[in-house]
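Okay, here's what each chain looks like letter by letter:
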Amino acid sequence: EKVFLNGEIVSAEDAKISVFDRGFLFGDGIYEVMVQLENGIFYKKAHLDRLQDNLNKIGIPYDVKNIDDALEPLLKASGLTEKSCLIYMQVTRGTAPRKHSCPKDVPASVMMYALPYALPLINPKHMKAILAPDFRWHRCDIKSISLLGNIMANEAAMNDLADEAALVRDGMISEGSHTNIFFVKNGTVITHPADNHILNGITRMIVLALCQNLDISVIERPIGEDEIEHMDEAFFTGTTTQIASIAILGEHQFYENDNIGKTTKRLQETFAKLRT
Ligand code: PDD
């Protein structure tokens, strides 16, 4: 197993970072997850652009072109050229004595690896999701490596033998612990606007574009917890989740016997075609 670390490709056991790395001490960094499928890295440019945007937002001076250039050599060294795999990358503010003030002239720490990872054309899951309080910060648009709020919500879901947690802030559903969430009502797709309370998922943006192509109307507005029972369909989106039908959300059951909503199914089928 190979790891790209600060400009070099080394074996995983040799990939070491300092305990004074600000990613380790403060969670001061940004990450991305993308997948390579049959026809190449899925929406690579969108992922790298978001990474660059996020680094700019928190003032880590780093050009993601370096990561782009390292992708091919990393995949080659990992034996994953043109193979289905998951690519994880993170950039932190680098190593410096522990102080809240950001160090100047310290190079960012950059780490990336790829693992074999197969994704079905369509996610066959009928997800069960709990509702969990969204007690994260107010900059969820930043793909921070500090994920404690997300992890605690996800763990609550795991403890309930559920697949995912939908987060509720001030009575409104924001997103999943590692996914975005969509609803369908009378054929209209409804999802939380891309503000500071959600991560604007690449999959979310793809689904919105597909809706436009398919002449499906879209409303971007937060959905109240109390509206769930009035919705016809719901699904999660994400890089590894793709489009996953939600069968149960909190107290509400959308379908029985592995049924799935018409619009969800149509979007799944259209989404699958992006891989060919
Ligand atoms: N999760 N919202 C949150 C909080 C996320 O962590 C993610 C991604 C998404 C969906 O974004 P995208 O469609 O760009 O993957 C939404 C990644 C995959 C993860 O943490 O593993």
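Numbers given for residues are sequential positions, taken from 1 along each chain in its written order. Restriction of local features to residues with pLDDT of at least 70 applies here, the model being predicted, together with a cutoff of 80 or more for giving and counting side-chain atom pairs; totals for whole chains, interfaces and linings are based on all residues.

A. Highlighting the site of the ligand. Placing a C-beta atom from the backbone of each residue, we mark the residue near a molecule or strand if the atom is within 6 Å of it. The environment of the ligand is formed by 15 residues, the closest being Leu199, Gly201, Ile202, Thr203 and Thr239. Helix numbering and strand numbering both begin at the N terminus, where a helix is a DSSP run of H or I of at least 4 residues and a strand a DSSP run of E of at least 2. When residues of the shell around the ligand are traced back to their parent elements, those giving at least two are helix 5 (202–213) and strand 14 (233–238). Each residue gets one of three labels, nonpolar for Ala, Val, Leu, Ile, Met, Phe, Trp, Tyr, Cys and Pro, charged for Asp, Glu, Lys and Arg, and polar for the others, Gly among them. The residue inventory of the shell around the ligand, partitioned by class, reads three nonpolar, 10 polar and two charged.

B. Main features of the packing of helix 5 against helix 6 (residues 262–272). Axis definition: a line fit to C-alpha positions, over the contact stretch in the case of helices; interaxial angles, taken between N-to-C directions, run 0 to 180 degrees. Between helix 5 and helix 6, whose axes approach to 10 Å, the crossing angle comes to 105 degrees. As far as their axial angle goes, helix 6 and helix 5 are roughly perpendicular. Packed against helix 5, whose contacting residues are Ile206, Val207 and Leu210, the element helix 6 presents Leu267, Thr270 and Phe271 at the interface. Among the residues forming the contact of helix 5 with helix 6, the class breakdown is five nonpolar, one polar and no charged. These descriptions rest on fixed angle ranges, namely under 35 degrees for roughly parallel, over 145 for roughly antiparallel, 65 to 115 for roughly perpendicular, and the rest for oblique. Note that contacts rest on C-beta atoms placed from the backbone: two residues are in contact if these are within 7 Å.

C. Expanded view of the environment of valine 218. Within the fold, valine 218 resides in strand 12 (residues 218–220). Working definition of burial: number of other C-beta atoms within 10 Å of the residue's own, with buried at 20 or more, exposed at 12 or fewer, and partly exposed in between, all C-beta atoms being placed from the backbone. Classification of valine 218 by C-beta neighbours within 10 Å gives partly exposed; the count is 13. For the pair formed by valine 218 and leucine 167, sequence separation is 51 residues and the distance between their alpha carbons is 21 Å. Beyond its immediate stretch of four places on either side in the chain, valine 218 contacts Val189, Leu208 and Cys211.

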